[in-house]
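# Residue-level structure breakdown
Residue-level listing of the chains:
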Amino acid sequence: MSASPEPAIAPLRQDLVSEFPYKHSTGEVIGRFLAGLKEQKRIWGQRVAGQGVVVPPFGYSEIDGSAAGEWVEVKSTGTVTAVAVVQQPIERLHPFAEPFAFVLVRLDGADTAMAHVVKDDLARLRVGSRVAAVWKPDGEREGSVRDISCFRVTGEPTPKAIAAGAEPMNEPPKEPVKYVQTDVHLPYHYVAGDHRARYLQALKDKRILGSKCSQTGRVLLPPMINSAESFAPADQFVDVSDKGVVTTFCIVNIPVIGRNLEIPYVAASVALDGADLSIFALIQECKPEEVRMGMRVEAVWKPDGERQGDHEDILYFRPTGEPDAPAESYINRL
Amino acid sequence: MTKLRNVAVVGFAQAPIVARDEHHTAQEMLYPQVRRALADCGVERSEIDYQVAGSADYIDGRPFGFVSALDVMGAWPPAQDLHLEMDAAFAAYYAWLRMQAGDCDTAIVCGYGKASEGEPRRILNLQLDPYYQAAIGLDPVSTAALQASQYMARSGADDRDLAAVAARNRAAGARNPEAQVRAGASADELLATPWVVAPLRQGYLPPLGESAVCLVLAAEGKAETMCDRPAWIHGVDQRIELQTLGARDLSRSVGAKLAAEKAFAMAGLESAGAVDVVELSAANPAEELILCEALGLDAQASRPVINPSGGPLTGNPLMMTGLIRLGEAFRQLSGRAGARAVDGAKRAIAHATSGHCLQQNAVFVLGSDRRWS
């Protein structure tokens, strides 16, 4: 049904790493908790309806949404309630390059557990192990949950009962942390899909391929496996011309990052002869004010031997000098 | 119980689950499945009232990719549409709700996404809060291992118990032509596989997989014309749990338990043990044991049969694993389950989940007869 009548084509792949920084506002509660780690090496929680002492705190109850009550201090020691030993840490995701463990730790005085890491003594780490916070040195703490660099196994016996003893906050940290920085790092390994692969490969030979809707005969460009309008397959490839008509355009007067063009320049939609959908195109070799709907244009290709099979193979379009096309010839091909 | 509208699963099509389809984008994988599902129901696209999908654009790294998926779902002339960034089974729940409201009589439910294009362990880190949980680098395999360790500590289940569950799924997967892992493996063999994140071994975790699926729902009156043996939805419910892992008892799934109780009540089902087949979205053996406990299932009993498809352990395409469970329940009840058919299956449970550590759960009860007369 979607099987292409064309012979198989080698997969076209592209790797790309997507990176973007976020600066998350902490708000007053998370900001104060993080400031406690940074300034004081102390761990603060909040009394919360239905949950007891919550560490780390959010300022509200996750159970019923009510506002949290008083601030209390809990101990920097606690009992492990869950263990996950990572054998092969993932670079730029996990905090260590060597095997380590994620743990949930119920700190002494807290009623909820905190997610953190244990770096050493993995062989004797288990649910019930006693652990203590290991702090980053003064001057290196920056207002992050990682200001506790990890927890260490103390070797004490597992307590019989949950330790009580949260103390009211007697000395709040001076300056709440306002932001935490997250640097998202996501590698991707794309495939183009055979339809796009054929289209891009053909550009090397100065050919432009569309695909024809099996129901309406409309030619889709770039080629798609089906018509979005008719829902019918469109698996027959057809050559379209590298000449066409400007269907709509705009004059760009502001620089765009990553596009090294002298402004003002013209970005247009061009309906190529033989295609029923327009493609985006630059119009050059004329003044911006000369560009108009209906203007006939032709592709200017990169020279032979330099085309890579990508969208840059067509450098831009330029006027052909032919008479303008009438509106009814392109009005349904925008 | 109020009388509700009888709604049935009437069609299901699924691309075989593979590690990586090098020749198609997620949308291109989906198109033939939508065509197949409609063809099986003998209807044109224009006869479908509503479309809904579950996917996540982060998975294949194409921002607003769900919009281009509309092109392959047949959204023209302008269709009623909804998209969820959850497993597509939750989208099926919304389609069912729209039918209860009388908004539509027929719907397609699509799930898609290419897990091989992104790196899910990195991507799903972003599902956690950025201050306390994502900041330490937690990923879904690690959070699943935390949950497994808490369950094992409470229940006394050990490594061998997990291996036995995995081995049973592997044996079942060998009979499912659309499963990704089709080689059986004994518990001893699985026990010998290396730890990925202890207490989870390589043999207890599915490989990365991708697919594309389309399920068709129809209300009484239409359903009978579209399918010889519709699988009627007798009951359904959906529940979510807290975001903070350390604030939950990870050794239990209170969300799945409550969703099951509500869905069973709607279905008039006395207990999970009364159905013939159960499909659970358990991506590791500890999740399966936790879910069995939540639903009140005896994992050792011969009936109901749990995950005769091989379950997510033999094929876990992100964003559609739950919808495949619903599709498998339909296959079992409608005589389309081939070599994995459960003899005389009349009632089934399908479970779906989204989020870390079974955070969100949906439970469907299906039957081969109408629920309400």
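In terms of regular secondary structure, chain B is built from 12 helices and 12 strands. Along the first, second and third principal axes, the C-alpha set of chain B runs to 50 × 45 × 40 Å. Burial analysis of chain B (373 residues in total) assigns 66% to the buried set. Contacts in chain B between residues far apart in sequence, at least 24 positions, make up 79% of those at least 6 positions apart. As presented, chain B carries roughly 12,000 Å² of accessible surface, and 52% of it is formed by carbon and sulfur atoms.

Helix and strand counts for chain A come out as 2 helices and 19 strands. By its C-alpha atoms, chain A is 90 × 45 × 40 Å across when sized along the principal axes. Within the span of chain A, comprising 334 residues, buried residues form 49% of the whole. Long-range pairs, those at least 24 residues apart, make up 61% of the contacts in chain A between residues at least 6 apart in sequence. Element-wise, carbon and sulfur atoms account for 50% of the exposed surface of chain A, whose accessible area totals about 16,700 Å². One way to put it: in chain A the 37 positive side-chain charges average out to a point 5 Å from where the 45 negative ones average out.

With that out of the way, let us pick up helix H1 (residues 26–41) of chain B. Residues and elements named next belong to chain B. Taking 1.5 Å per residue, 16 residues should reach 22 Å; H1 reaches 23 Å between its end C-alpha atoms and fits that length. Among the 16 residues that make up H1, 12 are buried, leaving the element largely enclosed by the rest of the structure. Among the residues of H1, Ala26, Gln27, Glu28, Met29, Leu30, Tyr31, Pro32, Gln33, Val34, Ala37, Leu38 and Cys41 are the ones counted as buried. Downstream of H1 by one or two residues, Gly42 has phi in the positive range, about 70 degrees.

Another aspect to go through is the packing of H1(B) against helix H3 (residues 65–73) of chain B. Residues and elements named next belong to chain B. For the pair H1 and H3, interaxial distance at closest approach is 9 Å and the crossing angle is 30 degrees. Overall, the two elements H1 and H3 adopt an arrangement that is roughly parallel. The handedness of the crossing between H1 and H3 is right-handed. The segment H1 lies against H3, with Gln27, Leu30, Tyr31 and Val34 engaging Gly65, Ser68, Ala69, Val72 and Met73. Split into classes, the residues belonging to the contact of H1 with H3 amount to 6 nonpolar, 3 polar and no charged.

A word on the interface of chain B and chain A. Facing 61 residues of chain B, the contacting portion of chain A comprises 66 residues. With both chains or domains summed, chain B and chain A bury close to 5,300 Å², and 63% of this area falls on carbon and sulfur atoms. It is Arg122(B), Tyr131(B) and Tyr132(B) in chain B that bury the most area against chain A; as a group they hold 17% of the surface buried on that side. Taken together, the links from chain B to chain A amount to 24 residue pairs in polar contact (both at pLDDT 80 or more). When residues of the side of chain B that touches chain A are traced back to their parent elements, those giving at least two are H1, helix H2 (57–60), H3, helix H5 (120–123), helix H6 (140–155) and strand S5 (195–198) of chain B. If you tally residues by element for the side of chain B that touches chain A, the top one is H1(B), at 7 residues. Classifying every residue of the side of chain B that touches chain A gives 29 nonpolar, 15 polar and 17 charged. In this structure, strand S5 (residues 77–86) of chain A lies alongside S5(B), joined through 2 bridges in antiparallel fashion. Note that in S5(B) the partner of Val85(A) across the bridge is Ala198(B).

What counts and how
- Residues numbered from 1 in each chain as written.
- Chains lettered and ligands numbered in written order.
- Predicted model: local features only at pLDDT ≥ 70, side-chain atom pairs only at ≥ 80, totals over all residues.
- Heavy atoms only, no water.
- Helix = DSSP H or I, 4+ residues; strand = E, 2+ residues; numbered from the N terminus.
- Buried < 20%, exposed > 50% of the residue type's maximum accessible area, 1.4 Å probe, protein only.
- Contact = heavy atoms within 4.5 Å.
- Areas by Shrake-Rupley, 256 points an atom, 1.4 Å probe, with all protein chains shown as cover.
- Lys, Arg positive; Asp, Glu negative; His and termini not counted.
- Charge placed at Lys NZ, Arg CZ, Asp CG, Glu CD.
- Expected span 1.5 Å × (residues − 1).
- Axes fitted to C-alpha atoms, helices over the stretch in contact; angles between N-to-C directions.
- Parallel < 35°, antiparallel > 145°, perpendicular 65-115°, else oblique.
- Left-handed = near helix turned anticlockwise from the far one by under 90°.
- Nonpolar A, V, L, I, M, F, W, Y, C, P; charged D, E, K, R; others polar.
- Buried area = accessible area lost by both parts, 1.4 Å probe.
- Polar contact = N/O pair within 3.5 Å; in protein donor to acceptor, adjacent residues only side chain to side chain.
- Pairing = 2+ DSSP bridges.

Remember, this is a structural readout, not a statement about activity or role.
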